[in-house]
Structures are given as C-alpha cells and as structure tokens.
Amino acid sequence: LAKTTQPISMDSYEGQEVNITCSHNNIATNDYITWYQQFPSQGPRFIIQGYKTKVTNEVASLFIPADRKSSTLSLPRVSLSDTAVYYCLVVFSSNTGKLIFGQGTTLQVKP
Amino acid sequence: NAGVTQTPKFRILKIGQSMTLQCTQDMNHNYMYWYRQDPGMGLKLIYYSVGAGITDKGEVPNGYNVSRSTTEDFPLRLELAAPSQTSVYFCASQRAGGHSNQPQHFGDGTRLSIL
C-alpha cells in the first residue's frame, strides 16, 4: 500500500499562498491522490482530488507531476480560518475505498 | 441536509461498561466507515460496511463490533470498555467505495473517555 509523507507542520501569514507537498513513492497506476482538511473538534472534510497534472476548485489547486510520486496542495491567499490539519491520502483503487491517514500537516496561519 | 450525524458528542465510561455509538446518514450512501483518532494522530479504520447486512474489519477492530441493518445506520458497539479505547470516534459515509473516487463525508465525532 502506498504510504504518504508530508511535513508535520507549517507556518504562514494571512494573504500568502501556501504549498504543502506530499510524497507517495509507491502509488499504483489506478490510485487517486486526495486531500482532506480537519479543523479542531470536527471530522475531516474533503478538499480536492486528482489523478495527474493539475486540478483546481474553489478552495485549492492540486499539482501532480508526470511520475505521480508526489503532489502539492496549493492554498491561495490563506486566511486565519485556514488554520487546520491537512491530510494527503492515496485512495486505493483495488480495495473498498479505505483511507489510510498519516499524521497530516498542521498549518498555522498567523495575522 | 444533515449529512452524517453522530451521537452522543461526548461520553465518559467506566472500565468494563458497554455502550453504542450511533451514526446515521441521510445521503443514501452505500459505504460507511468507523474511525478512531488518538491525540495528534491521523484516523485509523475500525470497521466498514459496503451495504446493509455487510460489514468487515478495518485496521484496528479488536474490542469493537458493528452492525448494518439499514442503509442509513451504522452503530459501533464497545462491549467491555478499556482505557485504550479513549479516543475520538468518527463515522463517515461514501456514495460508492472501491475504485470510485467519491469523497468520504465525516460526522463531527464522539469524544469518549474510559476511566
């Protein structure tokens, strides 16, 4: 199973762009890369998912290089409310949709 | 829409007691999951279900049981509570699992302390 590695923590300031990189060296051909966000005392919330190249939605962008061994979540112009834990996950195509959560990246946005 | 609803939000149990954590979803999702999250850690899968009447073990099933009699409900049972089961429990649902790329929808969790 593909294991993901991401930084434990990051700091940023309001208005900056934040990029969180995740490595997943053993990703399989049909697996997807998915990011979830978790605020304190809440369950994780789906942010974005991609397979290759670039995906963008109203919240974030996801950049995936051709070899798919890493991915970068980009949050444009963060605000204090973006302070949360961000999880990078590989959604395995061969099983029942089980999610393997690592420790995630704790993003602290400062004023 | 209510989404995924978990009850209770908080509970304190004594060692050896039993209880059921309730989870219900109103999105007609086939797949449902139970996770636990220990402080500072990611979520670990306890049990999951691919539809009514079908359940299977996840990564950490010992000490827990589940049932899935309806599409909407997926209760988690602790029979003999132990201090190691102190954690935050999250229920999630998904429109279709397996190779599908549908996101999972999570409830807000049940905070359980075993003393």
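Residues numbered from 1 in each chain as written. Chains lettered and ligands numbered in written order. Predicted model: local features only at pLDDT ≥ 70, side-chain atom pairs only at ≥ 80, totals over all residues. Heavy atoms only, no water.

A. Here's a closer look at the overall build of chain A. The secondary structure content of chain A amounts to zero helices and nine strands. Each helix (α) and strand (β) of chain A, taken in turn from the N terminus, gives the series β-β-β-β-β-β-β-β-β. Rg of the C-alpha trace for chain A: 13 Å, near the compact-globule value of 13 Å for 111 residues, within the 12% margin. On the principal axes, the C-alpha backbone points of chain A span a range of 45 × 30 × 25 Å. The buried share of chain A, taken over its 111 residues, is 45%. Partitioning the contacts of chain A with sequence separation of at least 6, the portion at a separation of at least 24 is 56%. For chain A, the exposed surface amounts to about 5,400 Å²; the carbon and sulfur share of it is 50%. (Helix = DSSP H or I, 4+ residues; strand = E, 2+ residues; numbered from the N terminus. Rg over C-alpha atoms; globule rule 2.2 N^0.38 Å. Buried < 20%, exposed > 50% of the residue type's maximum accessible area, 1.4 Å probe, protein only. Contact = heavy atoms within 4.5 Å. Areas by Shrake-Rupley, 256 points an atom, 1.4 Å probe, with all protein chains shown as cover.)

B. Structural context of the state of the cysteines. Residues and elements named next belong to chain A. Taken as a whole and assessed by the stated rule, the structure comprises two disulfides over all chains. There is a disulfide in this structure between Cys22 and Cys88, and the S-S distance comes to 2.1 Å. Here the S-S torsion is close to -80°, and the disulfide linking Cys22 with Cys88 is therefore left-handed. On the criterion of sequence distance, the pair formed by Cys22 in strand 2 (residues 18-23) and Cys88 in strand 8 (residues 84-91) is long-range, its members being 66 residues apart. You'll find Cys22 and Cys88 in the same group, each marked buried. (Disulfide = S-S within 2.5 Å.)

C. Region of interest: the environment of Thr21 of chain A. All names here are of chain A. Note that Thr21 resides in strand 2. On the basis of relative accessible area, Thr21 is assigned to the partly exposed category, the value being 41%. For the pair Thr21 and Thr72, spaced 51 residues apart in sequence, the C-alpha separation works out to 4.3 Å. Ignoring anything within four residues of it in the chain, the contact list for Thr21 reads Thr5, Gln6, Pro7, Ser71 and Thr72.

D. View of the pattern of salt bridges. Residues and elements named next belong to chain B. Counted under the stated rule, the structure contains three salt bridges over all chains. Of the charged contacts, one joins Asp38 and Arg36 as a salt bridge, the two residues approaching to 2.9 Å between their closest N and O atoms. Note on Asp38: relative accessible area 27%, which makes it partly exposed. (Salt bridge = Lys/Arg side-chain N within 4 Å of Asp/Glu carboxyl O.)

E. A look at the side chain of Gln25 of chain B. Note that Gln25 of chain B resides in strand 3 (residues 19-25). Looking at Gln25 of chain B, its side chain comes within polar contact range of the main-chain nitrogen of Met27 of chain B, at 3.0 Å. (Polar contact = N/O pair within 3.5 Å; in protein donor to acceptor, adjacent residues only side chain to side chain.)

F. Structural context of the sheet that holds strand 9 (residues 105-110) of chain A. Residues and elements named next belong to chain A. Spatial ordering of the open sheet is given by 1-9-8-3-4, a layout of five strands whose pairing is mixed. Where the open sheet ends on each side, the last strands, each with one partner, are strand 1 (9-13) and strand 4 (45-50). The average angle at which neighbouring strand axes cross in this sheet is 25°, direction not considered. As paired elements, strand 3 (residues 32-38) and strand 4 share five bridges and run antiparallel to each other. Its bridge partner being in strand 4, Tyr36 is matched across the sheet by Phe46. (Pairing = 2+ DSSP bridges. Axes fitted to C-alpha atoms, helices over the stretch in contact; angles between N-to-C directions.)

G. Quick look at the pairing of strand 7 (residues 70-75) of chain A. Among the six residues in strand 7 of chain A, five count as buried, and that is most of the element. Two successive antiparallel strands, strand 6 (residues 61-64) of chain A and strand 7 of chain A, enclose a turn made up of five residues, where Arg68 of chain A displays a positive phi of approximately 60°.

H. A look at the nonpolar core. With 20 residues, the main nonpolar core has Trp35, Ile47, Leu73, Leu75 and Tyr86 of chain A as its most contacted residues. Of all elements in the fold, only strand 2, strand 3, strand 4, strand 6, strand 7, strand 8 and strand 9 of chain A reach the threshold of two or more residues within this core. Aside from chain neighbours lying at most four places away, what touches Leu75 of chain A is Gln16, Glu17, Val18, Val59, Ala60, Tyr86 and Leu107 of chain A. In this structure, Ile46, Tyr47, Phe74 and Cys91 of chain B belong to the second largest nonpolar core, which totals 19 residues. (Core = buried A, V, L, I, M, F, W, Y, C linked by side-chain atoms within 4.5 Å.)

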